[in-house]
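# Structure assessment
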Amino acid sequence: NEDASTDGDSWAAIGTVPEMGAAAAVQPGQGRIGNVYQDGKPAGYSHEMAAPFGTERPIGVLHIIRSPTQPPFTTGDLQALIRLGSNAAIAVKNARAYEELDKAKDFVDNILRSMSDGLLVLEAAGRIQKANFTIAEMLGYTEAELAGQGLRTIVDPRSMTGEWTQKLLKDG
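Attention in this report is confined to the structure presented alongside it. (Residues numbered from 1 in each chain as written. Predicted model: local features only at pLDDT ≥ 70, side-chain atom pairs only at ≥ 80, totals over all residues. Heavy atoms only, no water.)

## What to know about the overall build of the protein
Tallying secondary structure elements over the protein gives six helices and seven strands in all. In the protein, the succession of helices and strands from N to C terminus is β-β-α-β-β-β-α-β-β-α-α-α-α. Going through the 172 residues of the protein one by one, you find that 28% of them count as buried. Of the contacts formed within the protein by residues at least 6 apart in sequence, a portion of 31% connects residues at least 24 apart. Here the protein has roughly 11,100 Å² of accessible surface; of this, 55% comes from carbon and sulfur atoms. (Helix = DSSP H or I, 4+ residues; strand = E, 2+ residues; numbered from the N terminus. Buried < 20%, exposed > 50% of the residue type's maximum accessible area, 1.4 Å probe, protein only. Contact = heavy atoms within 4.5 Å. Areas by Shrake-Rupley, 256 points an atom, 1.4 Å probe, with all protein chains shown as cover.)

The structure is reproduced here in structure tokens:
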């Protein structure tokens, strides 16, 4: 789709392409803007300029048109638009990475919630980083109450057997 703004003398738009999910104003290889998208190279004309944004390949085009009654764009204006496109690409890439990380976290949290076995995730120092509902219920705490606690503070060391457990309780 295309988001646009105008101040009466200039018109600016951010166009995206069809594979981004919506019918788009930017069609690769069609017209000046479509060529900027397809070639991945900025273009500047006296009262119009466009720059792609994307990391490995463009995901959209920044496009600005200025009224003919205003001074023409300069090379510096085009360079600023190119920098803006680079920054936009970084922001889009970071947003997508965050979204993927959030999905992965939700996936792991769903697995932990659905487990019938109790599970504690401990830091190297023996502090509880994560606890599932089952272990919290077994120990008489909420998951939130367990987070950050030392294992020794919630489990009586005498009730634990096994060499590894005793070492963890002693050192952690």
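There is more to say after this.
## Re the pattern of salt bridges
Under the defined criterion, the tally for this structure stands at five salt bridges. Ionic pairing is found between Lys103 and Glu99, a salt bridge with its closest N-O pair at 3.6 Å. In this pair, Lys103 and Glu99 both sit in helix H2 (residues 75-114), four residues apart, roughly one turn of the helix. On the accessibility criterion, Lys103 (47% relative accessible area) is partly exposed. Relative accessible area serves as the criterion here: at 45%, Glu99 is assigned to the partly exposed category. Sharing partners across several salt bridges, the network here consists of Glu99, Glu100 and Lys103. (Salt bridge = Lys/Arg side-chain N within 4 Å of Asp/Glu carboxyl O.)

## Brief notes about the side chain of His63
If you trace the backbone, His63 turns up in strand E5 (residues 60-66). Classification of His63 by relative accessible area gives buried; the value is 9%. A polar side-chain atom of His63 sits 2.7 Å from a polar atom in the side chain of Glu48. (Polar contact = N/O pair within 3.5 Å; in protein donor to acceptor, adjacent residues only side chain to side chain.)

## So, H2
A rise of 1.5 Å per residue sets the reference length of H2, with its 40 residues, at 58 Å; its end C-alpha atoms lie 59 Å apart and thus fit the reference within 8%. For H2, the set of buried residues is Leu78, Leu81, Gly85, Ala89, Asp109 and Leu112. In this fold, the buried residues of H2 make contact with strand E3 (43-45), strand E4 (48-53), E5 and strand E7 (128-131). (Expected span 1.5 Å × (residues − 1).)

## A short note on the nonpolar core
Met49, Ala51, Phe53, Ile59, Leu62, Phe73, Leu78, Leu81 and Ala89 form the largest nonpolar core, which has nine residues in total. Of all the secondary-structure elements, those providing two or more residues to this core are E4 and H2. Grouped together as the second largest cluster of nonpolar side chains are eight residues, Ile128, Ala131, Ile154 and Val155 included. (Core = buried A, V, L, I, M, F, W, Y, C linked by side-chain atoms within 4.5 Å.)

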